[in-house]
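Here is what each chain is made of, one letter per residue.
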Amino acid sequence: MGFLKNLFGGGSAKPEKRYYVFNVKCNRCGEIIEGRVDLDNDLSLEFEDNHSVYFVRKGLMGDSGRCFQQIEVEMKFTSTRELIEQKTTGGTFAE
Ligand SMILES: [Zn+2]
């Protein structure tokens, strides 16, 4: 019966939080735009000094239909998916 336990997640090391969710505020119109990073699929591996980091770049745009400011977001995560660096152009990070 061991496979049943595996099937239902017993002992899985996978982090349960798959998405990193953040908000950016558009510099032009002030709209708060929600973005999310799929920690399983969006990250690409890069090497920095002697360790590996995960890097993601996102382009976001508000859905008000009135503002077409493109907001670029770049983030870096450790191999355990912890955020270590983030920057954005066209907007600012918001709560
Ligand atoms: Zn805007």
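You'll find the structure just up there.
What counts, and where the lines are drawn
Residues numbered from 1 in each chain as written. Predicted model: local features only at pLDDT ≥ 70, side-chain atom pairs only at ≥ 80, totals over all residues. Heavy atoms only, no water. Salt bridge = Lys/Arg side-chain N within 4 Å of Asp/Glu carboxyl O. Helix = DSSP H or I, 4+ residues; strand = E, 2+ residues; numbered from the N terminus. Buried < 20%, exposed > 50% of the residue type's maximum accessible area, 1.4 Å probe, protein only. Donors = N, O, S within 2.8 Å, 3.2 Å for Na, K, Ca; no water. Pairing = 2+ DSSP bridges. Axes fitted to C-alpha atoms, helices over the stretch in contact; angles between N-to-C directions. Phe/Tyr/Trp six-rings, centres within 6.5 Å; stacked < 30°, edge-to-face > 60°. Lys NZ or Arg CZ within 6 Å of the ring centre and 35° of its normal.

## Quick word on the pattern of salt bridges
Once the charged atoms of two side chains with opposite charge are near each other, the side chains can pair.
Part 1 of the argument: One pass over the structure, following the stated rule, counts seven salt bridges.
Part 2 of the argument: Between D40 and R18 there is a salt bridge, with the nearest N and O atoms lying 3.5 Å from each other. Highlighted residues: D40 in the loop between β2 (32–38) and β3 (44–48) and R18 in the loop between α1 (2–7) and β1 (19–26), separated in sequence by 22 residues.
Part 3 of the argument: Overall, D40 belongs to the partly exposed group, its relative accessible area being 36%.

## Here's the deal with the coordination of the zinc ion
Part 1 of the argument: With distances of 2.2 to 2.3 Å, the protein atoms coordinating the zinc ion are C26 (SG), C29 (SG) and C67 (SG).
Part 2 of the argument: Site description for the zinc ion: donor spacing in sequence, C-x2-C-x37-C.
Part 3 of the argument: Judged by its relative accessible area of 41%, C29 is partly exposed.

## Quick word on the sheet that holds β3
Part 1 of the argument: Taken together, the four strands give an open sheet; going across it, the order is β3-β4-β5-β6, and neighbouring strands pair in antiparallel fashion. Looking at which strands have only one partner, the edges of the open sheet turn out to be β3 and β6 (83–89). Pairwise comparison of adjacent strand axes, ignoring direction, gives a mean angle of 25 degrees for this sheet.
Part 2 of the argument: The sheet contact formed by strand β4 (residues 51–60) and strand β5 (residues 71–77) spans seven bridges and is antiparallel. Residue pairing for β5: V56 is matched across the bridge by M75.

## Considerations on the packing of aromatic side chains
Part 1 of the argument: In the structure shown here, the tally under the stated rule is three aromatic pairs.
Part 2 of the argument: Look at Y20 and F22: their rings are 6.4 Å apart centre to centre, the planes differ by 25 degrees, and that puts the pair in the stacked class.
Part 3 of the argument: Each ring, one from Y20 and one from F77, has its centre 5.5 Å from the other, and the planes form 75 degrees; the classification is edge-to-face. Remark: F77 occurs in strand β5 and Y20 occurs in strand β1; sequence separation between them is 57 residues.
Part 4 of the argument: Classification of F77 as buried rests on a relative accessible area of 0%.
Part 5 of the argument: Following the ring pairs from residue to residue traces out a cluster consisting of Y20, F22, F77 and F93.
Part 6 of the argument: Cation over ring: R36 sits above Y19, and NZ or CZ is 4.8 Å from the ring centre.
Part 7 of the argument: Here the guanidinium or amino end of R81 rests over the ring plane of Y54, the centre of that ring lying 4.6 Å away.

So, to be careful, I would describe these as geometric facts and stop short of saying anything about function.
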